[in-house]
Amino acid sequence: MGQQFKMLKQLQQMQAKMAKIQEELGEKTVTGTAGGGMVEVVANGHQKVLSVTVKPEVVDPADVEEKARELATKEMGAVTAGMGIPPGLMG
């Protein structure tokens, strides 16, 4: 009986240590880069991406803004098309 109690206690200690490690992993971060440092990704120990940074030299911000505007116009156009509202009037 004493051996089983000892083993149960060891399992509980191991579970407590694993829980602490899981908690600490959420607080630790790693950084990866690509393209000679042009793209940087920061993730935590739970493999959750915390940030992505792209250097301005890689992407023209005006191009991204234009594509975002086109997407918004297209999506809003799909909603307003059935209402007889001219495209662009709502956005």
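Details of the structure are given in the entry above.
(A) Spotlight on the overall build of the protein. Each helix and strand counted, the protein has two helices and three strands in total. Seen in sequence order, the protein has helices and strands lined up from the N terminus as α-β-β-β-α. In the protein, buried positions account for 4% of the 91 residues.

(B) Focus on the pattern of salt bridges. Taken as a whole, this structure holds four salt bridges when the rule is applied. Across the pair K67 and D63 runs a salt bridge whose closest N-O atoms are separated by 3.8 Å. In this pair, K67 and D63 both sit in helix α2 (residues 61-80), four residues apart, roughly one turn of the helix. By relative accessible area, D63 is classed as partly exposed at 36%. Between R69 and E66 there is a salt bridge, and its shortest N-O distance comes to 3.2 Å. Taken together, the positions of R69 and E66, both in helix α2 and three residues apart, correspond to about one turn of that helix. Bridged by salt links that share partners, the residues E65, E66 and R69 form one connected network.

(C) The arrangement of unusual backbone geometry in detail. The backbone of Q47 shows a phi angle near 65°, a positive value even though the residue is not glycine. With relative accessibility at 67%, the residue Q47 sits in the exposed group.

(D) The arrangement of the sheet that holds strand β1 (residues 29-34) in detail. Strand order in this open sheet of three strands is β1-β2-β3, and the pairing throughout is antiparallel. Here the strands that pair on one side only, and so sit at the sheet edges, are β1 and β3 (49-54). Each neighbouring strand pair of the sheet contributes to a mean axis angle of 15°, computed without reference to strand direction. Sheet topology note: the β1/strand β2 (residues 39-44) ladder contains six bridges and is antiparallel. Residue V30 lies in a different strand from β2, and its bridge partner there is A43.

Rules used throughout
Residues numbered from 1 in each chain as written. Predicted model: local features only at pLDDT ≥ 70, side-chain atom pairs only at ≥ 80, totals over all residues. Heavy atoms only, no water. Helix = DSSP H or I, 4+ residues; strand = E, 2+ residues; numbered from the N terminus. Buried < 20%, exposed > 50% of the residue type's maximum accessible area, 1.4 Å probe, protein only. Salt bridge = Lys/Arg side-chain N within 4 Å of Asp/Glu carboxyl O. Pairing = 2+ DSSP bridges. Axes fitted to C-alpha atoms, helices over the stretch in contact; angles between N-to-C directions.

By themselves these figures say nothing about function.
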